[in-house]
Amino acid sequence: MKVLIIGGGGREHALAWKLSQSPRVKKLHAAPGNAGIAQVSECRPVSAEDLPGLLALAKELKADLTVVGPDNPLAMGLVDLLQQHGFRAFGPSASAARFESSKVFAKEFMARHGIPTAKFGSFADSGEAQKFAQTIHGPCVVKADGLALGKGVIICQSPRDSALAISQMMDKKVFGAAGERVIIEEFMQGEEASIHALLDGKTYKLFPSSQDNKRVGDNDTGPNTGGMGTISPVPMVSSALMQTVEEKILKPFLRGCAADGLEYRGLLYPGLMLTREGPKVLEFNARFGDPETQVLMMRLESDLIDALEAVVDGRLADTTLKFRREAAVCVVMSSGGYPGDYAKGKPIRGLDDAAKLPDAQVFHAGTRRSGNDIVTAGGRVLGVTALGADLRAARERAYDAVARISFDGAHCRKDIGGRALRFMESNPGSECKA
Ligand SMILES: Nc1ncnc2c1ncn2[C@@H]1O[C@H](COP(=O)(O)OP(=O)(O)O)[C@@H](O)[C@H]1O
Ligand SMILES: [Mg+2]
C-alpha cells in the first residue's frame, strides 16, 4: 500500500522509519518531510498546514492511508477533509482533537466523567479569572485554552504572577484566540510521565510508558522546549500504576466519549503527573509525542501499519502490539540558542559514523539537504536514539552516538535518563518491564 505521512519532525521520521520496515508498505511519501525522512520516503514540499494542498497530494499519489503527525492539521480538520473525499486517514477528527486543541473542553470532560486531574476553574471573562486567582494562596497554573506552541502554560508562584499571566492572555491577547478562555488550576507536584494509547472508538491498546525532559538545561533548568530527550520504560511507572491508568483514565475516557456521543480514533497521549494521590492528567494530546515516538518506535516489534489500519477500520480489539524488552533512550541535539533565536544551515558531521553503532538510530527533526551536506534547519535538529539491555546500556549507547556527531553550536542535555537510574538505584526491584 501507499502511505503518506504529514509532518517533518523527529516524530515523523520515527514513524516513517518504522513504516518503511513493513513488508506491506510499498511506497512511502511525506509532506513536507526532512533530510532524514527523505532517506526512507519521497518528500513533497507541501506544508503540514496546507489542507487543500495535502488533499491534492493524497489524490495525486492515490494514498491508501495518510498518517497525520502534528497537532495543528488535526485541529484544522485534515482528517475530516481527507475522509470526506474518500481517503483513509489516521488521526482524530477535528471534533475529537479538541481534547488537545481546547484545554477547557478537556478539563470539563474530565470533571464530567470523574477522570483525575488538578482542581480548576475555567473562565471566559478576565475579571472573573482575576477574582478567582486572588483566592488562591500558594502556587497555581494559568493555561491558555487553545494551541499556543507549547508556551500557553504559566506556573505562578503568587497572586501577582497569576494576575499578570491572566492579563497577558485575556487582555493583551499574546496568544491570540487561544487565550480567549483560560484555565486556572491547582499546582501539582510529582514526576511526569507520558502514556500513549491507540483508540479506535471502542477499545484501546497501550504503548509502554515514556518520559520527556522539557527544560533546555541539565537538572531541569532553563526555559521549556519541545522536548530534549526521552526514555522508555519509566521505572517510576510500575505495572500497578499502569493498571491504575487504565482503570481511572483510559476506561473512563472511552465511557465518557460514548456518553457524550464522541468518537475518538487515533493516538491519545495523556500527560500525567504522578502525585501522592495517584496519577492525574495534566493534559490530553491527540497525536504521538515528540520525542516520545522516537523511543516507542525503537521498542515496537510488531508492524506499525497493522496497528494504524486497525485504528482506522475499528478493529483494534483483534490487534496486538508487541514490544522489545530492551529499554530505549533518545537524546535531542539542538541548535545553540534554542528555544530562543538560533542559526540555521550549519553542516552536520558524523551522521554516517553514528549510524555504524548497532541499535542506534539518528532521527532527524530540523534538517535539510544542501548539496552534499545535511545541514541544520530547526531548533531541535536530531533525536539520537538507542536501544540497550536496560536503561543504563541504552543511555550509554545513545551518548556514544551523540559523541560521534557535531555541528556548530550543538547542544544536548547530558542527564537524559539520569533521574530514572537514580530512582532504580534507590528502589531496587523497580526495574520495570513496561
Ligand atoms: N497543574 C500543574 N501542576 C504542575 N505543573 C504543571 C501543571 N500543569 C502544567 N504543568 C507543567 O507545565 C507543562 C506544560 O503543561 P501542559 O498542560 O502539558 O500544556 P502544554 O503541553 O500544552 O504546554 C507540564 O508538562 C508540566 O510540567
Ligand atoms: Mg504538555
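Here the structure is shown first, and the text comes after it.
It should be emphasised that the depicted structure is a prediction, and the values quoted were computed from it without experimental measurement. All residue numbers refer to position in the chain's written sequence, counted from 1. Here chains are named by letter from A upward and ligands by number from 1 upward, in the order in which they appear as written. Only residues with pLDDT of at least 70 are given local features in this predicted model, and only at 80 or more are side-chain atom pairs given and counted; all residues enter the totals for whole chains, interfaces and linings. No hydrogens and no water enter the side-chain calculation; it runs on all heavy atoms of the structure.

Caption draft 1: A look at the site of ligand 1. We call a residue near a molecule or strand when any one of its heavy atoms sits within 4 Å of it. The full set close to ligand 1 counts 14 residues, and Lys103, Lys143, Glu185, Met188 and Glu192 are the nearest of them. Whenever a nitrogen or oxygen atom comes within 3.5 Å of another N or O atom, the pair is scored as a polar contact, on the condition that within protein one atom can donate a hydrogen and the other can accept it, and that pairs from neighbouring residues in sequence are kept only if both atoms are in side chains. Between ligand 1 and the protein, one listed contact pairs an oxygen atom with a side-chain N or O atom of Lys103 at 2.8 Å. At 2.8 Å, a side-chain N or O of Glu283 approaches an oxygen atom of ligand 1. Only the protein chains shown count as covering a residue, and every accessible area follows the Shrake-Rupley method with a 1.4 Å probe. Bound to the protein, ligand 1 loses 83% of the 540 Å² it would expose on its own. Secondary structure elements are taken from DSSP: a helix is a run of H or I of four residues or more, a strand is a run of E of two residues or more, and numbering for both begins at the N terminus. For the shell around ligand 1, the secondary-structure elements that each account for two or more residues are strand 7 (140–144), strand 8 (153–156), strand 9 (182–186) and strand 18 (278–285). Tallied by class, residues from the shell around ligand 1 come to 7 nonpolar, 1 polar and 6 charged. For the domain bounds, the source is a domain assignment made automatically or taken from a database. Here the shell around ligand 1 spans two domains, and each of domain 2 (119–186) and domain 3 (191–426) adds at least three residues to it. In this classification, Asp, Glu, Lys and Arg are treated as charged, Ala, Val, Leu, Ile, Met, Phe, Trp, Tyr, Cys and Pro as nonpolar, and every other residue, Gly included, as polar.

Caption draft 2: Spotlight on the sheet that holds strand 19 (residues 327–334). Strands are labelled as partners when DSSP assigns at least two bridges between them. As summarised here, the arrangement of the 5 strands in space is 13-16-19-23-20, forming an open sheet in which the pairing is antiparallel. The open sheet has two edge strands, strand 13 (211–212) and strand 20 (360–364), and neither has a second partner. Looking at chain direction, strand 13 and strand 16 (residues 229–232) are connected through 2 bridges and run antiparallel. Among the inter-strand pairings, Gln211 is bridged to a residue of strand 16, identified as Ile231.

Caption draft 3: A nonpolar patch on the surface, seen in detail. Judged by side-chain polarity, Val153, Ile155 and Phe187 come together as a nonpolar surface patch covering roughly 230 Å² of accessible area. Among the structural elements, Ile155 can be located in strand 8. Note on patches: the residues involved have over 30% relative accessible area and no salt bridge, like charges join within 9 Å, and the nonpolar side chains Val, Leu, Ile, Met, Phe, Trp and Tyr join within 5 Å. For this document, the term salt bridge refers to a Lys or Arg side-chain nitrogen within 4 Å of an Asp or Glu carboxyl oxygen.

Caption draft 4: Examining the environment of Val142 more closely. Examined against the element boundaries, Val142 turns out to sit in strand 7. Residue Val142 is classed as buried on the basis of its relative accessible area of 0%. In the structure, Val142 is positioned 40 residues away from Val182 in sequence and 6.8 Å away in space, judged by C-alpha atoms. Relative accessible area decides the class of each residue, using a 1.4 Å probe on protein chains only: under 20% of the type maximum gives buried, over 50% gives exposed, and in between gives partly exposed.

Caption draft 5: Geometry of the sheet that holds strand 4 (residues 65–68). Ordered by their spatial adjacency, 5 strands build an open sheet running 3-2-1-4-5, and the pairing between neighbours is parallel. Edge strands, defined here as strands with exactly one partner in the open sheet, are strand 3 (42–43) and strand 5 (89–90). In this sheet, strand 2 (residues 27–32) lies alongside strand 1 (residues 2–7) in parallel orientation, the contact comprising 6 bridges. Across the sheet, residue Leu4 finds its bridge partner in strand 2, namely His29. Contacts are assigned to residue pairs with any non-hydrogen atoms lying within 4.5 Å of each other. Helix axes are fitted to C-alpha atoms over the stretch in contact, other axes to C-alpha atoms as well, and angles between N-to-C directions run from 0 to 180 degrees. Packed onto the sheet, helix 2 (residues 51–61) meets strand 1, strand 2 and strand 4 and runs at close to 160 degrees relative to strand 1.

Caption draft 6: Spatial organisation of the side chain of Glu185. One can find Glu185 in strand 9. By relative accessible area, Glu185 is classed as buried at 2%. A distance of 2.7 Å separates polar atoms of two side chains, one belonging to Glu185 and the other to Lys107. Only 3.1 Å separates the side chain of Glu185 from the side chain of Lys143, close enough to count as a polar contact. Once you skip the residues sitting within four places of it in the chain, Glu185 turns out to touch Lys107, Ala118, Lys119, Phe120, Cys140, Val141 and Lys143.

Caption draft 7: Inspection of the packing of aromatic side chains at higher detail. Pairing of aromatic rings covers Phe, Tyr and Trp, the last through its six-membered ring, and needs centres within 6.5 Å; plane angles under 30 degrees mean stacked, over 60 mean edge-to-face, and all others mean tilted. For the structure on display, the rule yields 14 aromatic pairs. Relative to Phe109, the ring of Phe99 lies with its centre 4.7 Å away and its plane at 90 degrees, an arrangement referred to as edge-to-face. Here Phe99, found in helix 5 (residues 98–101), pairs with Phe109, found in helix 6 (residues 103–112); they are 10 residues apart in sequence, far enough to count as distant. Across the pair, exposure class does not vary: Phe99 and Phe109 are buried alike. Counting every residue linked through ring pairs, the aromatic cluster contains Phe99, Phe105, Phe109, Phe253, Tyr264 and Phe284.

Caption draft 8: Local environment of the side chain of Glu292. By the element assignment, Glu292 lies in helix 10 (residues 292–299). A positive count includes Lys and Arg, and a negative count includes Asp and Glu. His and the chain ends are not counted in either. Buried within the structure, Glu292 lacks any salt-bridge partner; its nearest side chain of opposite charge belongs to Lys214, at an N-O separation of 5.7 Å. In this structure the side chain of Glu292 is engaged in a polar contact, spanning 3.3 Å, whose partner is the backbone nitrogen of Asp290. With residues up to four places along the chain from it excluded, the contact list for Glu292 reads Ser194, His196, Ser210, Asp212, Thr230 and Tyr269.

None of this, on its own, says anything about what the molecule does.
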